Amino acid sequence: MDMLREVLVLLDSTLNLNGRGRAFTRDTALLGAVPELDSMGVVALITAMEDRLGVTVEDDEIDGSTFATVGSLVDFLSARVAG
């Protein structure tokens, strides 16, 4: 599974970025840089990740650093899917 591609699709579709999210790279900043990724956006994104990737994300497993960049989110999800 290409986790970077999965994350870009999830970001774009969940946050209604109209294609902008598909151009993001691992270094693209998320929290504080993408206006659509507010508190409700984070909740929607977590739900979409759980549904699409079949993972369970507990509240105490995530913090702001998880959503700092596309790369940090990819790394988090890669570890969840592998584990």
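You'll find the structure just up there.
Quick notes on the overall build of the chain
Consideration 1: Per the secondary structure count, the chain includes three helices and zero strands.
Consideration 2: Walking the chain from its N terminus toward its C terminus, one meets helices and strands in the order α-α-α.
Consideration 3: Here the C-alpha atoms of the chain give a radius of gyration of 11 Å, agreeing with the 12 Å that 2.2 N^0.38 yields for 83 residues.
Consideration 4: On the principal axes, the C-alpha backbone points of the chain span a range of 30 × 25 × 20 Å.
Consideration 5: Considering the chain as a whole, with its 83 residues, one finds that 43% of them fall into the buried category.

Focus: the packing of helix α2 (residues 39-53) against helix α3 (residues 70-82)
Consideration 1: At a closest axis distance of 12 Å, the pairing of α2 and α3 adopts a crossing angle of 40 degrees. On the basis of the axis angle, α2 is oblique to α3. Read as a crossing pair, α2 and α3 show a hand that is right-handed. Within the contact between the two elements, α2 uses Leu-45, Met-49 and Leu-53 and α3 uses Leu-73, Leu-77 and Val-81.
Consideration 2: Of the residues in the contact of α2 with α3, the class split is six nonpolar, no polar and no charged.

Quick word on the side chain of Thr-28
Consideration 1: Among the secondary structure elements, Thr-28 is positioned in the loop between α1 (3-14) and α2.
Consideration 2: A polar side-chain atom of Thr-28 sits 2.9 Å from the main-chain amide nitrogen of Thr-25.
Consideration 3: In contact with Thr-28, other than residues within four places in its own chain, are Ala-68, Thr-69 and Val-70.

Thoughts on the nonpolar core
Consideration 1: Counting 26 residues, the largest nonpolar core has Leu-11, Phe-67, Leu-73 and Leu-77 as the members making the most contacts within it.
Consideration 2: Sorting the residues of this core by element identifies α1, α2 and α3 as the ones contributing at least two each.
Consideration 3: In terms of residues, this core owes the most to one element, α2, which gives six residues.

What counts and how
Position numbers for residues start from 1 in each chain and track the written sequence from start to end. Only residues with pLDDT of at least 70 get local features here, since the model is predicted, and only at 80 or more are side-chain atom pairs given and counted; chain-wide, interface and lining totals rely on the full set of residues. The basis for every side-chain value is the complete set of heavy atoms in the structure, and neither hydrogens nor water enter the calculation. Strands are runs of DSSP state E lasting at least two residues, helices are runs of H or I lasting at least four, and both sets are numbered from the N terminus onward. In this treatment the radius of gyration is a C-alpha quantity, and the globule benchmark scales as 2.2 Å times the residue count to the 0.38 power. When a residue's accessible area, from a 1.4 Å probe over protein chains only, is under 20% of the maximum for its type it is buried; when over 50% it is exposed; and in between it is partly exposed. Here an angle of 0 to 180 degrees is reported between the N-to-C directions of two axes, which are lines fitted to C-alpha atoms, with helices fitted over the stretch in contact. Comment on the angle field: the value is read as roughly parallel under 35 degrees, roughly antiparallel over 145, roughly perpendicular from 65 to 115, and oblique elsewhere. In a left-handed crossing the near helix is turned counterclockwise from the far helix by less than a right angle, and in a right-handed crossing that turn is clockwise. Should any heavy atoms of two residues lie within 4.5 Å, those residues are counted as being in contact. Here the term charged refers only to Asp, Glu, Lys and Arg, the term nonpolar to Ala, Val, Leu, Ile, Met, Phe, Trp, Tyr, Cys and Pro, and the term polar to all other amino acids, Gly among them. The definition of a polar contact used here is a pair of N or O atoms within 3.5 Å, where within protein one atom must be able to donate a hydrogen and the other to accept one, and adjacent residues in sequence count solely through side-chain atom pairs. Working definition of a nonpolar core: buried Ala, Val, Leu, Ile, Met, Phe, Trp, Tyr and Cys residues. They are joined through side-chain atoms within 4.5 Å.

Nothing here speaks to function; it is all geometry.
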